[in-house]
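Structural description and commentary
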Amino acid sequence: MSSGVGMVVARAVVSDLAEGRQAARTYSLLTVIVAVAPILAPPIGVAVAVLTTRVYVCYTVAFAMTYGALFGYISASSFVVQESMGYSSTVYAVVFACNAVRLTAANAANSRLVGRFHPRALLTAGIGATCAASALLTVIAAVGRDAHWPLLAAMFLLACSTGFVFGNATALALDRVRDRAGTGSAVLGALQFAVGAVVSPLVGLGGGPMPMALTVLGCAVIAAAFLAAGGPARRGVTAATRSARAAER
């Protein structure tokens, strides 16, 4: 009964304040609102519920910012390798392909290790390695103008380290919102690509590898901060760990 009060009162208010064409226009808009509200309210409510789950948010931001670090490297690597280092497009293609293979190998290794170690431990190691790689990248960019091989090595470490982040962060985040996993996945994906869109122009500010290094370092530090804010790992095993152990058997 109480839910019908809003509709009745809204129509009464329109009749008190408008008439003729203005009333018809207002009633039309009111009908649109009444029709759309039941459609939008449930997903908005679920999204709000997901975003109020602190640990989920921490893992999600850690995931997105690590993706931002990787996307920063991807966006700037062509300019750094070809323009700053002076290598050909063929050399860049080989470097990029090698790092892509290493990222894939790291993900494959993580899928095996998750059966033996808790995803939180692997995630911590991955983000820690990402921070180390980005810090090394920044130092080399600052003091080693012609240190091409050390710079490429830091990029290699960065690509490898992120392979231990994405799968574990996703599993840990969605494990906290298991009854709303669809919405949780949607929010995670939206934030992931939003960070990528912001990071992409930042790595192009200025010249040389320093903008890329600083952007990657900033993303890695934020990821580490949110991982720490998420608190210690929850006791027990996640669904991902149970699945990995079952596959090994």
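What comes next is a walk through the structure. Treat the numbers as computed from the prediction; the structure is a model and nothing was measured.

Looking only at helices and strands, one finds 10 helices and zero strands in the protein. In the protein, the order of α-helices and β-strands from amino to carboxyl end is α-α-α-α-α-α-α-α-α-α. Split into buried and exposed, the 249 residues of the protein put 39% on the buried side. Considering only contacts within the protein whose residues lie at least 6 apart along the sequence, 81% involve residues at least 24 apart.

Helix α7 (residues 166-175) sits mainly inside the fold: seven of its 10 residues count as buried. Phe166, Asn168, Ala169, Ala171, Leu172, Ala173 and Asp175 are the residues of α7 that are buried.

Turning to the side chain of Gln192, a few remarks are in order. One can find Gln192 in helix α8 (residues 181-202). Judged by its relative accessible area of 13%, Gln192 falls in the buried class. Aside from chain neighbours lying at most four places away, what touches Gln192 is Phe63, Ala64 and Tyr67.

This brings us to the packing of helix α5 (residues 119-143) against α7. Relative to each other, α5 and α7 sit at 135°, their axes nearing to 9 Å. When the axis of α5 is compared with that of α7, the two are oblique. Considering only the axes of α5 and α7, their crossing is left-handed. Between α5, through Pro119, Arg120, Leu122 and Leu123, and α7, the contact on the second element is made entirely by Asn168, Ala169 and Leu172. For the contact of α5 with α7, the class distribution of residues is five nonpolar, one polar and one charged.

Reading guide: rules and limits
- Residues numbered from 1 in each chain as written.
- Predicted model: local features only at pLDDT ≥ 70, side-chain atom pairs only at ≥ 80, totals over all residues.
- Heavy atoms only, no water.
- Helix = DSSP H or I, 4+ residues; strand = E, 2+ residues; numbered from the N terminus.
- Buried < 20%, exposed > 50% of the residue type's maximum accessible area, 1.4 Å probe, protein only.
- Contact = heavy atoms within 4.5 Å.
- Axes fitted to C-alpha atoms, helices over the stretch in contact; angles between N-to-C directions.
- Parallel < 35°, antiparallel > 145°, perpendicular 65-115°, else oblique.
- Left-handed = near helix turned anticlockwise from the far one by under 90°.
- Nonpolar A, V, L, I, M, F, W, Y, C, P; charged D, E, K, R; others polar.

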